[in-house]
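# Overview (structure and organization)
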Amino acid sequence: MTITHPSTITHAEAHAHGKDASYDAIVIPEPFPSTEATLDADRVRAFAFAQGDYGSWYFGESPFGGPIGHPLALANDLLFLFYETYNGNTAEGLQTHERLRFRSPLRLGESVRIDGGYVERYENRGHGYVVMEAAATAEDGRTVVEHRGTEIMRTRAGEVSGRSKAAPAGRRVQAAPDTALPTLTRAALGAPLGSPVAGVSRHFTQDQMNVFSWLARGYRNVHTDIGRARDSGVDRTIVQALQQTGLIAEAMVGYFGASWFTTGELDLRYTHPAFCGEQLTVRAALVGETDGVQELEVWIDSDGGPRTALGWARAMVTDDERRPHPVIGI
């Protein structure tokens, strides 16, 4: 008989007896058991490696009085909350839509409670979609981040590669900044609408994707396992949508500064899979300003050709031009 010490049991093994993560298994509403997460030094270092973002505020002083977590540091704790009820290794699908609201930075050493559940499901063009809402709440009761995400579940990655999975209705991202205007690097009230906004560009290695998508916790999927990716009809592993979103958040921290952690909002649709090793470039344009809040169009272009994500970002603009911004470096 082989005896497994409890400390060697992975998250995936612990939840192996959960429901199959299939569209037909979902009930609405379906709340999930709460979980807890702590922003310790290991999480900070692992996330910086996975995201390639070594901003100084995550390792030293920040406008909030010490190290804080990356805006997306809790992203998968929110998204993967359904693993508390479902067997995550049975999940097949891709995220199509994400809304994030950042309300307070998480300080180093702080813990949060994650609450949420499935709130809606629907079918469109033969595919099944499910909507989850979740939030992270600090021990003092303040909300840190809120998430509302839509996932297409009745699909294989190869079936949506090369065509849009989530064509937005109504207003559309034009992605056409006025290149005659200077590129904005910091938010300032009264800047000309249409101005390009500085972005970031990066590719993700398989090692980074493995850390981001929780391979060490025992989860094998189209992000962490080439066999699962090929079974899904593609020849490379797929960068998780929230890992792409981290690039946009990085650009927004650079633009809005500290305000992004307390007033930032993202509304994104993922329009094409992004693959391991592809260079992903965040681009943005200023499209609106009302009552001190600026709105940007944001999108990600891949060197593989297609645009992989698009949507809007907004946050309050502070009047203090001397406000500090993070220094990039290890």
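To start, this report covers the structure provided alongside it. Everything quoted here is computed from the prediction, not taken from an experiment. (Residues numbered from 1 in each chain as written. Predicted model: local features only at pLDDT ≥ 70, side-chain atom pairs only at ≥ 80, totals over all residues. Heavy atoms only, no water.)

Along the chain, L108 turns up in the loop between β5 (94-102) and β6 (111-124). For the pair L108 and V44, spaced 64 residues apart in sequence, the C-alpha separation works out to 8.4 Å. Those residues in contact with L108, other than ones at most four positions away along the chain, are L39, D40, A41, V44, P67 and I68. (Helix = DSSP H or I, 4+ residues; strand = E, 2+ residues; numbered from the N terminus. Contact = heavy atoms within 4.5 Å.)

This brings us to the pairing of β6. In the sheet, strand β2 (residues 30-31) pairs with β6 via two bridges, with the strands oriented antiparallel. What sits directly across from E30, in β6, is Y118. Where β6 lies against strand β7 (residues 127-138), 12 bridges are found, and the strand directions are antiparallel. Bridge pairing links V112 to A138 in β7. Between the antiparallel neighbours β6 and β7 lie two residues, among them R125 with a positive phi of about 55°. (Pairing = 2+ DSSP bridges.)

With that out of the way, let us pick up the pattern of salt bridges. Opposite charge on two side chains lets them pair, provided their charged atoms get close. This structure, assessed with the given rule, holds 21 salt bridges. Note that R99 and D267 form a salt bridge whose closest N and O atoms lie 3.7 Å from each other. Residue R99 is located in strand β5, and its partner D267 is located in strand β11 (residues 265-270); the two are separated by 168 residues in the primary sequence. Judged by its relative accessible area of 39%, R99 is partly exposed. D267 gets classed as buried once you look at its relative accessible area, which sits at 14%. (Salt bridge = Lys/Arg side-chain N within 4 Å of Asp/Glu carboxyl O. Buried < 20%, exposed > 50% of the residue type's maximum accessible area, 1.4 Å probe, protein only.)

The omega angle of the peptide bond from I28 to P29 is -5°, so this bond is cis rather than trans. Relative to the helices and strands, P29 is located in the loop between β1 (19-20) and β2. In this structure, A175 is a non-glycine residue whose phi angle is positive, near 55°. Here A175 shows up in the loop between α4 (157-160) and β9 (196-197). The backbone of W214 shows a phi angle near 70°, a positive value even though the residue is not glycine. Relative to the helices and strands, W214 resides in the loop between α5 (206-212) and α6 (226-231).

A few words now on the nonpolar core. With 76 residues, the main nonpolar core has F82, V112, M252, F256, W260 and L296 as its most contacted residues. Look past the residues within four positions of W260 in its chain and what remains in contact with it is P71, F102, A249, M252, V253, E265, L266, A313, R314 and A315. Y129, V222, V234 and I238 belong to the second-largest nonpolar core, a separate cluster that totals eight residues. (Core = buried A, V, L, I, M, F, W, Y, C linked by side-chain atoms within 4.5 Å.)

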